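# Survey of secondary and tertiary structure
What follows is the residue order along each chain.
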Amino acid sequence: MAKNIKLKTPLTNEDVVKLKAGDSVLITGKIYTARDAAHKRLIDLLTQGKELPFDPEGQVIYYVGPAPAPPGYASGSAGPTTSYRMDPYTPQLLDKGLKGMIGKGLRSQEVVESMKKNKAVYFGAVGGAAALIAKSIKKAEIIAYEDLGTEAIREMEVEDFPAIVIIDSDGNNLYETGPEKYRK
Amino acid sequence: MREIHFDIIRQTVKELFLKANYIIGDDIIVKLKESVQTEESESGKVILEQIIKNNEIAKNERIAACQDTGLAVLFVKLGQEAKVVGGDFNEAINQAVREAYIEGYLRKSVVDDPLFDRKNTNDNTPAIIHLEIVPGDKIHFLVTPKGFGSENMSALKMLKPADGIEGVKEFIVETVKKAGPNPCPPIVVGVGIGGTVEKAALLAKKATLRRVGEHNKDPRYARLEKEVLEKINRLGIGPAGLGGRTTALAVNIEYFPTHIAGLPVVVNICCHAARHAEAEI
Ligand code: SF4
C-alpha cells in the first residue's frame, strides 16, 4: 500500500489504474460536491438529454454537505456523508466519464461493476474528521442549485485533501479486505 | 412556584447546542487516546489520531466538529414546582435552536415533510423534545445534536422472551456488523431493552448519552455491556471501517419492565462525534 500519493484533478485513466485499494492519497485541484438531492437533479437532466452544470469527464465528486463557512474560512466543516444513498445515480455519471468519488461507507455491486467498466476509483475520507478536512479546502463556490442550501453543487479548490483508496478500478475493496485481517 | 423566564431557557439551550457541536466530551477524547495505544492496525491508529486532532481544532476554533450537526434532540426534566413565564416553553427551545444553528455556523439539516416536499426548514427546527416531570423547582436540559450517518444504522427488533440473553447479544452484534463503516466507527452503541416500542427506542437514545466508561448499575447488565463490547471489537471493522480493533468505544444498555409476552430491543448507534451537553437552571 503506497502512502501519500499526490494526485491532481482532473484524473486520467492512467492516474486511476495505478491506484490500489489501501493507498493513501493527497488530492489537489478542483472537485465538485453533490449529495442526494443534487444527484437526483443531475440524473433528471441526463434523462432529458440536457447539459449538466459541470462536465463529469475526469472529475471527482465529493459527497458532502458542508457546514456554513464562518467569517475568514473558505469552507465550514466538511466531512464525507454516507455514499450508498448515491448508488442508484452513480453508474450513469460514471458512464459520462466521472473518474472519482469521495465518501464514506459501502457501495452497491452495480456501482463497483460500473467502476470496473469505466475505470474509476472510490476514495474514503474519514467520517467525522470534518474540521480537519476543511483545512485542505482553499475555495468553495456554489455553481448550481443554490436553493438546496448545504446540498447545492459547489466547486471546491482543494490542496492535499487526505483520502484513502477504498475501491480501486479492479474492484478490490478495502472495506472487505481490511476488516477481514482483524476479525477473530 | 419558582418562576423561570423564557429568555433564560432560550439562552441556556442555545449555549448547550453550541457547546455540544464544538466540543466533544472529555470521556470520548480519553477513550480515543487509549484506543490509539491498543489499536493493532496502523491505518486505524492514523485515523484515530486524525479524529483526536479534528476534535482539538473544533474546540479551539469553535467550529463544528462534524459537518452533520444533526437533528436537535433534548431530554428535559421539568421540576413540578417550576413555572415557565414570559412565553411558550417549546418556542423558547425552538428559538434557541434557531439562533444556535444560524449564529453558530452549524448546518441546517431538517426537512419539513419527510415524504413529499422534503423542503429544508433552514433553521434546523423543529427540535425533538422529550419531557419528563420530576420533583423540585429546577429544569434540567440534556441536549444532543444527532447525525444521521449513525442514526440510519439503528434497528428495532421485537424478540420473543425465549430468545433471551443470547438473542439480545446476537441482535446487537448483527446490527453493528451490518452497519460496517457507515456510522463512522468507532461508535457508541446505545441499547434499550424492555418497555414498549417507543420506550425501548427512548432508552436506547438515552443510553448513547451516558459517559463512556460508566456502566449500568445492575451488575448483570454491566457484565452484558462488557461482553457485547468485546464481541463487537472482534468484528474487525475498526476505525472508519478500514479494519482494526476499535469498532466501538462503549456499549451502554438501559432497561425497563416490559409485558409478559415481549422482549423489545432497540439498538441506537452514535458515531465517535458523540455530542451532548447538559445544564440545570
Ligand atoms: S455519522 Fe457522525 S461523525 Fe459521521 S458524518 Fe454523521 S454525524 Fe458526522
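Further up the page is the structure itself.
Rules behind the numbers
- Residues numbered from 1 in each chain as written.
- Chains lettered and ligands numbered in written order.
- Predicted model: local features only at pLDDT ≥ 70, side-chain atom pairs only at ≥ 80, totals over all residues.
- Heavy atoms only, no water.
- Helix = DSSP H or I, 4+ residues; strand = E, 2+ residues; numbered from the N terminus.
- Rg over C-alpha atoms; globule rule 2.2 N^0.38 Å.
- Contact = heavy atoms within 4.5 Å.
- Areas by Shrake-Rupley, 256 points an atom, 1.4 Å probe, with all protein chains shown as cover.
- Lys, Arg positive; Asp, Glu negative; His and termini not counted.
- Charge placed at Lys NZ, Arg CZ, Asp CG, Glu CD.
- Pairing = 2+ DSSP bridges.
- Phe/Tyr/Trp six-rings, centres within 6.5 Å; stacked < 30°, edge-to-face > 60°.
- Lys NZ or Arg CZ within 6 Å of the ring centre and 35° of its normal.
- Buried area = accessible area lost by both parts, 1.4 Å probe.
- Salt bridge = Lys/Arg side-chain N within 4 Å of Asp/Glu carboxyl O.
- Polar contact = N/O pair within 3.5 Å; in protein donor to acceptor, adjacent residues only side chain to side chain.
- Buried < 20%, exposed > 50% of the residue type's maximum accessible area, 1.4 Å probe, protein only.
- Near = heavy atom within 4 Å.
- 1 Å grid on protein atoms, 1.4 Å probe; cavity = no way out; pocket = protein on both sides within 12 Å on 5 of 7 lines; lining within 4 Å.
- Sits in = over half its atoms within 2 Å of the grid points.
- Nonpolar A, V, L, I, M, F, W, Y, C, P; charged D, E, K, R; others polar.
- Domains from an automatic or database assignment.
- Axes fitted to C-alpha atoms, helices over the stretch in contact; angles between N-to-C directions.
- Parallel < 35°, antiparallel > 145°, perpendicular 65-115°, else oblique.
- Left-handed = near helix turned anticlockwise from the far one by under 90°.
- Points joined across faces, edges and corners; volume = space filled by probe spheres on them.
- Core = buried A, V, L, I, M, F, W, Y, C linked by side-chain atoms within 4.5 Å.

### Observations concerning the overall build of chain A
Tallying secondary structure elements over chain A gives six helices and seven strands in all. When the helices and strands of chain A are listed from N to C terminus, the series reads β-α-β-α-β-α-β-α-β-α-β-β-α. Here chain A has a C-alpha radius of gyration of 15 Å; the compact-globule value for 184 residues is 16 Å, and the two agree. If you line up chain A on its principal axes, its C-alpha atoms span 45 × 40 × 30 Å. A sequence separation of at least 24 residues applies to 61% of the contacts in chain A between residues at least 6 apart. Accessible surface, chain A: about 7,600 Å² in total, of which carbon and sulfur atoms supply 49%. In chain A, 25 side chains carry a positive charge and 24 a negative one; their mean positions are 5 Å apart.

### Re the pairing of strand β7 (residues 153-167) of chain A
All names here are of chain A. As judged from the eight bridges shared by strand β2 (residues 24-33) and β7, these two strands associate in the antiparallel manner. By the bridge assignment, Lys30 is partnered in β7 with Glu157. Note: strand β5 (residues 121-124) against β7, three bridges, orientation antiparallel. When the bridges of β7 are listed, Tyr122 appears paired with Ile167.

### Here's the deal with the packing of aromatic side chains
In this structure the tally under the stated criterion is four aromatic pairs over all chains. Over the ring of Tyr145 of chain A we find Arg41 of chain A; its NZ or CZ atom is 5.0 Å from the centre of that ring. Over the ring of Phe256 of chain B we find Lys199 of chain B; its NZ or CZ atom is 4.4 Å from the centre of that ring.

### Considerations on the interface of chain B and chain A
Across the boundary between the two partners, chain B contributes 37 residues, which contact 36 residues of chain A. Regarding the contact of chain B and chain A, the summed buried area is about 3,100 Å², with carbon and sulfur atoms giving 62% of it. For chain B, the biggest contributors to the area lost against chain A are Gln67, Tyr105 and Leu242 of chain B; these three give 22% of the whole. Taken together, the links from chain B to chain A amount to one salt bridge. Of the charged contacts, one joins Glu61 of chain B and Lys135 of chain A as a salt bridge, the two residues approaching to 2.8 Å between their closest N and O atoms. For the pair chain B and chain A, the interface holds 15 residue pairs in polar contact (both at pLDDT 80 or more).

### Focus on the side chain of Asn182 of chain B
With respect to the element layout, Asn182 of chain B can be found in the loop between α6 (164-179) and β7 (187-195). Take Asn182 of chain B: its relative accessible area is 5%, and that puts it in the buried class. With near-sequence residues (within four places) excluded, Asn182 of chain B lies in contact with Thr82, Tyr84, Lys104, Gly105 and Leu106 of chain A together with Gly149 and Met153 of chain B.

### Looking at the site of the ligand
In the region of the ligand, 14 residues are neighbours, and Gly128 of chain A together with Cys66, Cys184, Cys271 and Arg275 of chain B sit closest. More than half of the atoms belonging to the ligand lie within 2 Å of the grid points that define the largest pocket. When the residues that make up the shell around the ligand are grouped by side-chain class, the tally is six nonpolar, five polar and three charged. When residues of the shell around the ligand are sorted by domain, at least three fall in each of domain 1 (2-20 + 65-146) and domain 2 (149-276) of chain B.

### A word on the packing of helix α1 (residues 6-22) of chain B against helix α4 (residues 89-103) of chain B
Residue and element names in this part refer to chain B. Closest axis-to-axis distance for the α1/α4 pair is 8 Å, and the angle between their directions is 40 degrees. In terms of orientation, α1 lies oblique with respect to α4. Like other packed secondary-structure pairs, α1 and α4 cross with a definite hand, here right-handed. From α1, Phe6, Ile9, Arg10, Val13, Lys14, Phe17, Leu18 and Asn21 reach across to α4, where they touch Phe89, Glu91, Ala92, Ile93, Gln95, Ala96, Val97, Glu99, Ala100, Tyr101 and Glu103.

### With respect to the pattern of salt bridges
All names here are of chain B. Counted by the stated rule, this structure contains 32 salt bridges over all chains. Ionic pairing is found between Lys31 and Glu34, a salt bridge with its closest N-O pair at 3.7 Å. A residue pair is termed a helical-turn pair when its members lie 3 or 4 positions apart in one helix, as Lys31 and Glu34 do in helix α2 (residues 26-38) at three residues. Residue class for Lys31 comes out partly exposed when judged on its relative accessible area of 26%. A residue is classified by how much of its surface remains accessible, and Glu34, at 42% relative accessible area, is partly exposed. A salt bridge links Arg98 to Glu91, with the nearest nitrogen and oxygen atoms 3.1 Å apart. According to the relative accessible area criterion, Arg98 is partly exposed, its value standing at 23%.

### Notes on the sheet that holds strand β4 (residues 128-134) of chain B
All names here are of chain B. Spatially, four strands are ordered β4-β2-β5-β10 in an open sheet, and the strand pairing comes out mixed. Edge strands, defined here as strands with exactly one partner in the open sheet, are β4 and β10 (277-280). Looking at each pair of strands side by side, their axes are set apart by 15 degrees on average, direction ignored. As paired elements, strand β5 (residues 139-146) and β10 share four bridges and run antiparallel to each other. Note that in β10 the partner of His140 across the bridge is Glu280.

### Digging into the layout of surface pockets
A volume near 1,200 Å³ is recorded for the largest pocket. Lining the largest pocket we find 47 residues, and of these Arg35 and Glu151 of chain A together with Ser109, Val111 and Arg118 of chain B sit closest to its centre. Residue assignment for the lining of the largest pocket shows that the elements contributing at least two residues are α2 (36-47) of chain A together with α5 (148-151) of chain B. For the lining of the largest pocket, the element with the most residues is α2 of chain A, which contributes four residues. Among the residues forming the lining of the largest pocket, the class breakdown is 15 nonpolar, 14 polar and 18 charged.

### Some words on the nonpolar core
Formed by 83 residues in total, the largest nonpolar core has its most connected members in Ile27, Ile102, Phe123 and Phe161 of chain A. Considering every element that reaches this core, the biggest residue donor is β7 of chain A, with nine residues. In this structure Ile27 of chain A touches Leu7, Thr9, Ile102, Phe123, Val158, Glu159, Asp160, Phe161 and Ala163 of chain A, once residues within four positions along its chain are discounted. Core analysis: the second largest hydrophobic core is formed by 29 residues, Ile4, Ile9, Ala72 and Ala277 of chain B among them.

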